[in-house]
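The lines below spell out each chain.
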Amino acid sequence: TMALMNNFTTVLGRALSGTFYPVLQQAVGFGSAFEGWTTREEEVVYQVLIPLTPPLGHTFHLERDTDQQRSGRNFRVRVELECRCPRDHQGVNMLCFQHHPDVVRRRTRQPNLLDTLCTGSYLDVKKIVQWFRALVRASWQRLPQSRSWHLVLLPSKRSCNLRLTNGQGSFQVKVLFGVQRHTSDIFISSRHRGAHTPSIMWPETYAVAETKFFRHMARRVPQDSSHLKCLQLLAGVLVQKDFSIHSIKTIIMHLLNTIPVSQWHRRHFLLQLSDTLEQLRLSLEEKHLEHFIVGNQRLPEEIRLPPDIRRAKPPNLFHGLAQDPAAHSQAMQAYLDL
């Protein structure tokens with residue numbers, strides 16, 4: 001899957017050379033398929049995030065959304081044309097994107113990013129998805145995978161979803177787009193948040209940092225560790241109960257970060273399963289489950305966080321249960337049904 005995505009970004013990078021479209025960086029895999037706990041009943045979905053960086057003559061500025069009615073941390077990406085004039089002679093360079101955009105447009109015969117993939121001054125998720133889908137459709141035959149796989153583009157507004165099939169089976173690739181925060185493992189991404197996510201809104205995502213944590217733990221736990229089996233089993237059960245799989249994942253990440261790694265041997269599997277369910281029960285009763293990434297002072301050093309994320313108070317993932325008694329009762333019943 002990563003070879004496929006790297007081939008895509010290489011081919012598309014060549015096609016985009018000399019244009020003022022976003023620069024596609026190397027794709028980053030995240031989620032259950034890359035962490036090793038995908039439930040076996042479903043078609044495997046590989047989730048990847050392609051970081052975007054500004055093209056020549058443009059800059060990205062992240063603006064935090066201050067609307068308290070929206071859940072989570074959300075951003076907008078303001079695109080500005082860059083000044084390329086000498087410091088003390090503003091406007092003298094006729095190829096300056098900021099001062100002479102029409103001249104640059106005429107001489108390069110290329111529109112700038114504000115003309116193409118923005119709404120107003122802000123990067124538009126839906127326009128980027130449509131642009132990338134067109135690039136994939138046009139470049140697929142140039143990839144070596146096209147000789148043995150059949151590609152279908154699935155409908156989606158905030159991601160580019162691909163299904164690949166051959167005689168032996170099929171899998172999906174869900175491509176999200178993001179902008180990296182500083183040089184950290186935190187991105188703002190094109191994933192949706194709620195039914196009516198505005199097209200210029202980019203929710204903050206911690207999924208890449210979570211996958212990095214699982215890779216870190218894979219190097220430390222015993223070779224026959226039970227943590228992925230535990231997560232896979234509970235995820236397979238909970239998906240049928242309409243329960244948040246991410247809450248179970250969060251609990252297991254907290255346990256991995258506190259229980260000595262030697263206790264994750266396969267022979268302790270039932271004990272770890274019991275610990276996870278007991279922690280879920282306590283969290284549901286208290287209507288409180290702390291976010292694993294935001295504000296966690298005990299993360300491995302290799303997981304890089306922006307200063308504001310490291311200093312923040314960990315959000316309560318069960319805040320909605322504390323506000324909605326009916327939802328809390330439903331969640332408790334789903335737990336008892338286990």
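Taking an unreviewed UniProt entry as the reference, the protein is identified by name as IPIL1 protein belonging to Chloropsis cyanopogon.

A. Examining the domain arrangement of the protein more closely. According to the domain assignment, the protein contains domain 1 (1-205) and domain 2 (220-337). For domain 1 and domain 2, the distance between their C-alpha centres works out to 31 Å. Opposite the 15 residues of domain 1 that make contact, domain 2 presents 16 residues. Taking both partners together, domain 1 and domain 2 bury about 1,300 Å²; carbon and sulfur atoms supply 56% of that area. Per-residue buried area on domain 1 facing domain 2 is highest for Trp37, Asp185 and Ile186; these three make up 40% of the total on that side. Inspection of the region where domain 1 meets domain 2 yields four salt bridges. We note a salt bridge from Asp308 to Arg181, for which the minimum N-O separation is 3.1 Å.

B. The pattern of salt bridges, seen in detail. Taken as a whole and assessed by the stated rule, the structure comprises 18 salt bridges. With a shortest N-O distance of 3.9 Å, Arg76 and Glu63 are connected by a salt bridge. In this pair, Arg76 sits in strand E5 (residues 74-81) while Glu63 sits in strand E4 (residues 58-64), placing the two residues 13 residues apart along the sequence. Residues Arg281 and Glu278 are paired through a salt bridge, measuring 2.5 Å at the closest nitrogen-oxygen approach. Within this pair, Arg281 and its partner Glu278 are both found in helix H9 (residues 269-286), separated by three residues, close to a single helical turn. For Arg281, a relative accessible area of 23% gives the class partly exposed. Taking relative accessible area as the criterion, Glu278 reaches 34% and is therefore assigned partly exposed.

About the thresholds
Residue numbering note: each chain is counted from 1, following its sequence as written. In keeping with the predicted nature of the model, local features appear solely for residues at pLDDT of at least 70, side-chain atom pairs appear and are counted solely at 80 or more, and the whole-chain, interface and lining totals rest on all residues. Side-chain metrics rest on all non-hydrogen atoms present in the structure, leaving aside hydrogens and water. Residue ranges assigned to each domain were obtained from an automatic or database domain assignment. Working rule for contacts: check all heavy atoms of both residues, and any pair within 4.5 Å makes them a contact. In short, buried area is how much 1.4 Å probe accessible area vanishes from two parts on joining, totalled over both. The salt bridge criterion pairs a side-chain nitrogen of Lys or Arg with a carboxyl oxygen of Asp or Glu, the two atoms within 4 Å. Secondary structure elements follow DSSP: runs of H or I no shorter than four residues count as helices, runs of E no shorter than two count as strands, and numbering proceeds from the N terminus. For each residue, the accessible area found with a 1.4 Å probe, counting protein chains only, is set against the maximum for its type, and the residue is called buried under 20%, exposed over 50%, and partly exposed in between.

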